[in-house]
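Commentary on secondary and tertiary structure
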Amino acid sequence: MTASDRRQFLRTSLGAAAAVSLGSQLELAPALNLRQSFKVGLVGCGRQGRTILTELAKWPAVEVVGLADPVESRRKSALRRAKGAVGYTGHAELLSAHTDLDAVIVASPTHLHTEPALAAFAAGHHVYCEAPMAHTLDDAKRLAEAAKNSSKVFQVGQLGRVNPIYNLAWKFYRSGSIGDLVALRSRSAEKTTWTTPVRDPADQKALNWRTDAEVSLGLPGELGVHQFDVFHWFTGEYPTSVRGNGSIRLHKDGRQVPDTVSTSLRYADGTQLGWEATIANSFDGSYEQFEGHMGTFKLGWTHGWLFKEADSPTQGWEVYANRQSVGNEQGITLIADATKLAAQNKLKDGIGLPESSLWYGLEAFIKSCTEGAEVACTAAEGARSLMVALAATEAVRTGEEVAIDADVLNSL
């Protein structure tokens, strides 16, 4: 192929090139390059907080100087990962002791996000808040309003938007590559308990808040909010109502929060999103699926595929694509940063992600703080996804259809 032929090939296959990453505009963004120390305070030292510490340690210039958690065992465990950090029982002590923080990461239980985030804003710090961003819509509105009136960054930890494979699929989807949307499907399955052994009975509520019906948003709130946001981001649309049901299929330990749920989210144009989740079974993992009349995307967080319909027009680029068998189908793998890999004849080396979605989320946050990069998931988008998740939680609780007020959603 001559240089002229190759230029013509790239011009005529822009949308399709996303799948095999022949377009240089689809390469990964430049790596984070911190020239000075970036000081962080962490609020919440549970499993997610400790995972965040592990990811932050991959950037030598990021310095975790303080962390806060009221549960001593969690605090001590986190301090073992953050050498040199100082532990505190609450966020107020942390903020008072470290006035020179660049950012605060809020990874406390969902119902305890709001006050630390608002206090961090008031102290003049950037804020990364785990998703769901709040426990109630009123709290989400408070955070969104604070973010709107602050010059500081507020990023919600909804990680589909920072995942390189998802970004690749998003560009491909927005080019119309799968045609008219037929249906949306999603699942989250991981066999786990959502409980932690407790040595001190006084820590029971703090450690096992996810199974506490008084504060837990259940599977739709804790898991669905991330996946619902992927569909909002891709389509630019939000559902108008939700139906749902749920029950306890495995964990019959006195909890009132269902361990298995099924929901149907309906859109104004008649499209439906079927979302189900369970912590009683791990089959099929977690994925989001976009089904169109010319093809289907299946996105599984670390991997992604495009399945073309047999009658979909052939554009010529398919012969260059890497393929994988997924069930009974042959999928074209979505490979981030594959322009360089293709030039090195190493496309297969790029299958999957080299880092976790959380790593990309934290990287995006730090870039927004230090380089002025666009915020990956704003407080407004976090609040909208929470509103949908709250409706799904209510639908599962009542067994009734729950409407989503478009006026309220659009006002966020």
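Residues numbered from 1 in each chain as written. Predicted model: local features only at pLDDT ≥ 70, side-chain atom pairs only at ≥ 80, totals over all residues. Heavy atoms only, no water.

Judged by nonpolar contacts, the single largest core of 106 residues is most densely connected at L56, M133, F154, F290 and F297. Element by element, the count of residues in this core is highest for helix α13 (residues 379–398), at 10 residues. If sequence neighbours within four positions are ignored, F297 has contacts with A169, F172, Y173, S177, I178, E288, Q289, F290, W305, L306 and L334. (Core = buried A, V, L, I, M, F, W, Y, C linked by side-chain atoms within 4.5 Å. Buried < 20%, exposed > 50% of the residue type's maximum accessible area, 1.4 Å probe, protein only. Helix = DSSP H or I, 4+ residues; strand = E, 2+ residues; numbered from the N terminus. Contact = heavy atoms within 4.5 Å.)

Right, let's get into the sheet that holds strand β4 (residues 103–106). The pairing of strands in a sheet comes from backbone hydrogen bonds and takes either a parallel or an antiparallel form. Reading across the sheet, the 6 strands line up as β3-β2-β1-β4-β5-β6 and stay open at both edges, with parallel pairing between neighbours. Strand pairing shows two members of the sheet lacking a second neighbour, β3 (86–88) and β6 (154–157), which therefore form its edges. Adjacent strand axes in the sheet meet at a mean angle of 20 degrees when their direction is disregarded. Bridging between strand β5 (residues 126–130) and β6 involves 4 bridges; their strand directions are parallel. Among the inter-strand pairings, E130 is bridged to a residue of β6, identified as G157. (Pairing = 2+ DSSP bridges. Axes fitted to C-alpha atoms, helices over the stretch in contact; angles between N-to-C directions.)

On to the packing of helix α8 (residues 164–174) against helix α10 (residues 218–235), then. Viewed as axis vectors pointing N to C, α8 and α10 meet at an angle of 40 degrees, and their least axial separation amounts to 9 Å. In terms of axis orientation, α8 runs oblique to α10. Here α8 runs over α10; the crossing is right-handed. Side by side, α8 and α10 meet where Y166, N167, A169, W170, Y173 and R174 of the first sit next to V230, W233, F234 and T235 of the second. (Parallel < 35°, antiparallel > 145°, perpendicular 65-115°, else oblique. Left-handed = near helix turned anticlockwise from the far one by under 90°.)

Our focus in this paragraph is the environment of P354. Along the chain, P354 turns up in the loop between α11 (338–343) and α12 (357–371). On the accessibility criterion, P354 (67% relative accessible area) is exposed. Residues P354 and T302, spaced 52 residues apart in sequence, show a C-alpha to C-alpha distance of 8.7 Å.

Let's shift gears to unusual backbone geometry. Here A131 and P132 are connected by a cis peptide whose omega angle stands at 0 degrees. Along the polypeptide, P132 turns up in the loop between β5 and α7 (137–148). Unlike most non-glycine residues, W194 shows phi in positive territory, near 65 degrees. Along the chain, W194 turns up in the loop between β7 (181–189) and α9 (204–207). Its relative accessible area of 14% is what places W194 among the buried residues.

Here the focus is the confidence of the model for the chain. Looking at the chain as a whole, the pLDDT averages 89, with 87% of positions reaching at least 70. Within the model, pLDDT remains below 50 along residues 1–26, and this stretch shows 43 contacts once partners closer than five positions in the same chain are excluded. (pLDDT = per-residue confidence, 0-100.)

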